[in-house]
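# Coordinate analysis (summary)
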Amino acid sequence: MSMFRNKKLDLGGFINGKIIRDHTKRRVFEANEVERQALRYVIRNTTLPQRARAQAQLQLAQMHAYTRSTQIRNRCVAGGVARSVFRDFRLGRYQFREQALAGELPGVRKASW
Amino acid sequence: MSLTFSPRLLSRVGQRLQPLVLTRHSSSLTGLERNNPPSADVSRTSSLVKDERISGHSAEPSASPQLQAKDWVQRLEGLSGKARLPRSVQAVYLRPLRRKAEYGLPVCDLQLRSYSVRNVEFFSDFAIRAAYYLGLPVSGPVPLPRIVERWTVPRSNFVHKKSQENFERITLRRLIQVKDGNSQTVQVWLAFLRKYAFHGVGMKANMWEYDSLDVVENLDRAGPETEKSLEGLLSQFGQRQDTKSDDSLVEILNKDHLVTLKSPLSEVGRR
């Protein structure tokens with residue numbers, strides 16, 4: 001969402017629209033994490049009045065999608081691909097293969113056993 | 001020496017020698033000595049250069065003391081029979097020395113990790129030698145099980161799942177255990193290893209400290225001091241001042257930005 005996006009580019013490396021979007025989501029989630037957790041706590045605390053809990057439930061449901069942690073997706077730092085990204089290298093499988101063959105990943109070599 | 005086998009290089013040396021030999025009266029000693037070893041080889045193989053040297057010899061007065069200085073190769077050869085290297089240098093060529101542990105109480109576990117055998121072996125050797133000179137008894141290096149990670153990826157960037165490629169990364173580990181050493185000495189040792197950390201070798205250390213049986217008394221004695229040292233940290237502990245509010249839960253939940261719907265229709269309805 002454009003309202004959340006930084007006016008100035010605050011990213012380095014490979015950049016495309018999806019990467020910027022993911023980055024924005026991460027920032028928004030971080031900014032709203034405390035509030036989310038507070039609401040979740042109110043909802044789950046059975047000692048609180050039912051009305052307050054219901055209210056909190058509604059409010060949590062109304063928070064923007066970008067404040068959810070589930071919106072965050074790991075993306076390849078070299079190509080922006082979202083599928084089959086290795087957590088160890090933060091690279092998509094094809095970028096991983098290319099870089100491994102080029103010897104840019106320390107210790108990674110072709111295996112045969 | 002490879003010089004003797006390449007005629008092109010030889011001739012170049014010959015060319016370089018010529019002015020040197022001719023100006024020997026005035027040239028500096030150091031320049032000559034640096035060029036001596038190749039010249040010795042050259043004189044053995046090439047008659048041309050040899051002639052030049054001989055002519056140089058005959059031309060100049062033989063009284064100069066530089067000529068009597070022996071070639072450094074000859075000098076080393078002469079030495080090698082009689083003299084030995086200093087002990088500390090000799091030790092480098094031998095297995096690392098070790099102190100003997102008196103009680104065998106483990107004090108520190110150092111784990112070295114690397115993807116290359118050479119690096120981890122070299123650095124563990126270095127660590128053991130350093131421990132010896134610090135007076136720490138060590139055991140090891142114990143080769144711990146290797147960590148093998150394997151990945152299989154399709155060769156292509158799109159579909160063609162049938163053609164894949166395997167990659168692996170093997171992490172090698174070595175464990176060095178320090179036994180009954182002073183904890184401060186161990187820390188010095190660890191700091192030294194960190195200062196001269198080798199490229200591509202990771203380190204991880206666990207330290208254990210031992211206390212006398214009357215631990216409780218010692219803790220009681222150390223209590224006030226510890227509290228004093230923690231004061232600075234504890235003063236920063238607690239709720240942030242700028243987030244503090246006296247609102248009740250209901251008031252917080254009724255806050256405007258939480259209650260109002262952020263949709264165009266709700267805006268219309270409020271107006």
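Residues numbered from 1 in each chain as written. Chains lettered and ligands numbered in written order. Predicted model: local features only at pLDDT ≥ 70, side-chain atom pairs only at ≥ 80, totals over all residues.

### Examining the overall build of chain B
- The helix and strand tally for chain B stands at 11 helices and four strands.
- Within chain B, the proportion of its 271 residues that are buried is 10%.
- Of the contacts formed within chain B by residues at least 6 apart in sequence, a portion of 76% connects residues at least 24 apart. (Helix = DSSP H or I, 4+ residues; strand = E, 2+ residues; numbered from the N terminus. Buried ≥ 20, exposed ≤ 12 C-beta atoms within 10 Å, placed from the backbone. Contact = placed C-beta atoms within 7 Å.)

### Considerations on the overall build of chain A
- In terms of regular secondary structure, chain A is built from three helices and three strands.
- Reading chain A from its N terminus to its C terminus gives the helix and strand order α-α-β-β-α-β.
- Buried residues in chain A amount to 17% of all 113 residues.
- Contacts in chain A between residues far apart in sequence, at least 24 positions, make up 41% of those at least 6 positions apart.

### Remarks on the interface of chain A and chain B
- Opposite the 19 residues of chain A that make contact, chain B presents 17 residues.
- Elements with a minimum of two residues in the side of chain A that touches chain B: α2 (50-62), α3 (93-101) and β3 (108-110) of chain A.
- Considering only residue class, the side of chain A that touches chain B consists of 10 nonpolar, five polar and four charged.
- Pairing of β3(A) with strand β3 (residues 164-179) of chain B, which is carried by three bridges, proceeds in the antiparallel orientation. What sits directly across from A:V108, in β3(B), is B:R169. (Nonpolar A, V, L, I, M, F, W, Y, C, P; charged D, E, K, R; others polar. Pairing = 2+ DSSP bridges.)

### Quick notes on the pairing of strand β1 (residues 106-114) of chain B
All names here are of chain B.
- In this structure, β1 lies alongside β3, joined through eight bridges in antiparallel fashion. Looking across to β3, one finds that S114 is bridged to L172.
- Inspection of the sheet shows β1 paired to strand β4 (residues 201-207) by seven bridges, in the antiparallel sense. For R113, the partnering residue across the bridge sits in β4 and is G202.

### Thoughts on the nonpolar core
Residues and elements named next belong to chain B.
- Ranked by size, the top nonpolar core spans 17 residues in total, and within it A127, A131, L136, V178 and V186 carry the most contacts.
- Mapped by element, the contributors of at least two residues to this core are β1, α6 (117-133), β3 and α7 (183-195).
- Those residues in contact with A131 that sit more than four places away from it in its chain are L136, V138, V178 and W189. (Core = buried A, V, L, I, M, F, W, Y, C linked by C-beta atoms within 7 Å.)

### Topic: helix α8 (residues 215-235) of chain B
- In a regular helix each residue adds 1.5 Å, so 21 residues correspond to 30 Å; α8(B) covers 28 Å between its end C-alpha atoms and thus fits that length.
- With zero of 21 residues buried, α8(B) is to be regarded as a mostly surface element. (Expected span 1.5 Å × (residues − 1).)

### Thoughts on the pairing of β3(B)
- Both strand β2 (residues 138-154) of chain B and β3(B) contribute to a ladder of 13 bridges, which runs antiparallel. When the bridges of β3(B) are listed, B:V142 appears paired with B:L175.

### What about the packing of α6(B) against α7(B)?
Residue and element names in this part refer to chain B.
- It is the contact of α6 with α7, at a shortest axis distance of 10 Å, that shows an interaxial angle of 140°. Taken as axis vectors, α6 and α7 run oblique relative to one another. Judged by the sense of rotation from one axis to the other, the crossing of α6 with α7 is right-handed. Between α6, through A127, A130 and A131, and α7, the contact on the second element is made entirely by W189, F192 and L193. (Axes fitted to C-alpha atoms, helices over the stretch in contact; angles between N-to-C directions. Parallel < 35°, antiparallel > 145°, perpendicular 65-115°, else oblique. Left-handed = near helix turned anticlockwise from the far one by under 90°.)

### Quick notes on α3(A)
- Taken residue by residue, α3(A) has A:R93, A:Q95, A:F96, A:R97 and A:A100 as its buried positions.
- Check the buried side of α3(A) and you find it contacts β1 (85-86), β2 (91-92) and β3 of chain A together with β2 and β3 of chain B.
- Taken from the residues just after α3(A), A:G103 is the one with a positive phi, measuring 75°.

### What about the packing of helix α1 (residues 17-44) of chain A against α2(A)?
All names here are of chain A.
- It is at 8 Å that the axes of α1 and α2 come closest, and there the two elements cross at 145°. Two packed elements cross with a definite hand, and for α1 against α2 that hand is left-handed. From α1, R36, L39, R40, V42 and I43 reach across to α2, where they touch A52, R53, A56, Q57, Q59 and L60.
- Counted by class, the contact of α1 with α2 contains six nonpolar, two polar and three charged residues.

### Structural notes on unusual backbone geometry
- Residue B:P141 follows B:G140 across a cis peptide bond; omega there is 0°.
- Inspection of the secondary structure assignment puts B:P141 in strand β2.
- The phi angle at A:S84 is positive, at roughly 45°, despite the residue not being glycine.
- Following the sequence through the fold, A:S84 ends up in the loop between α2 and β1.
- Exposure remark for A:S84: the 13 C-beta atoms within 10 Å place this residue in the partly exposed category.

### So, the confidence of the model for chain B
All names here are of chain B.
- For chain B, the average pLDDT comes to 75, and 67% of its residues sit at 70 or higher.
- A low-confidence stretch, residues 1-62 (pLDDT under 50), is modelled with 41 contacts involving residues beyond four sequence positions or located in other chains.
- Model confidence for the complex is summarised by a pTM of 0.64, with the ipTM given as 0.83. (pLDDT = per-residue confidence, 0-100.)

### Looking at the environment of A:R109
- For A:R109, the position within the fold is in strand β3.
- Owing to 14 C-beta atoms within 10 Å, A:R109 belongs among the partly exposed residues under this scheme.
- Measuring from C-alpha to C-alpha, the distance between A:R109 and A:R97 comes to 9.9 Å, with 12 residues separating the pair along the chain.
- Those residues in contact with A:R109 that lie beyond four places of it in its chain are B:F167 and B:E168.

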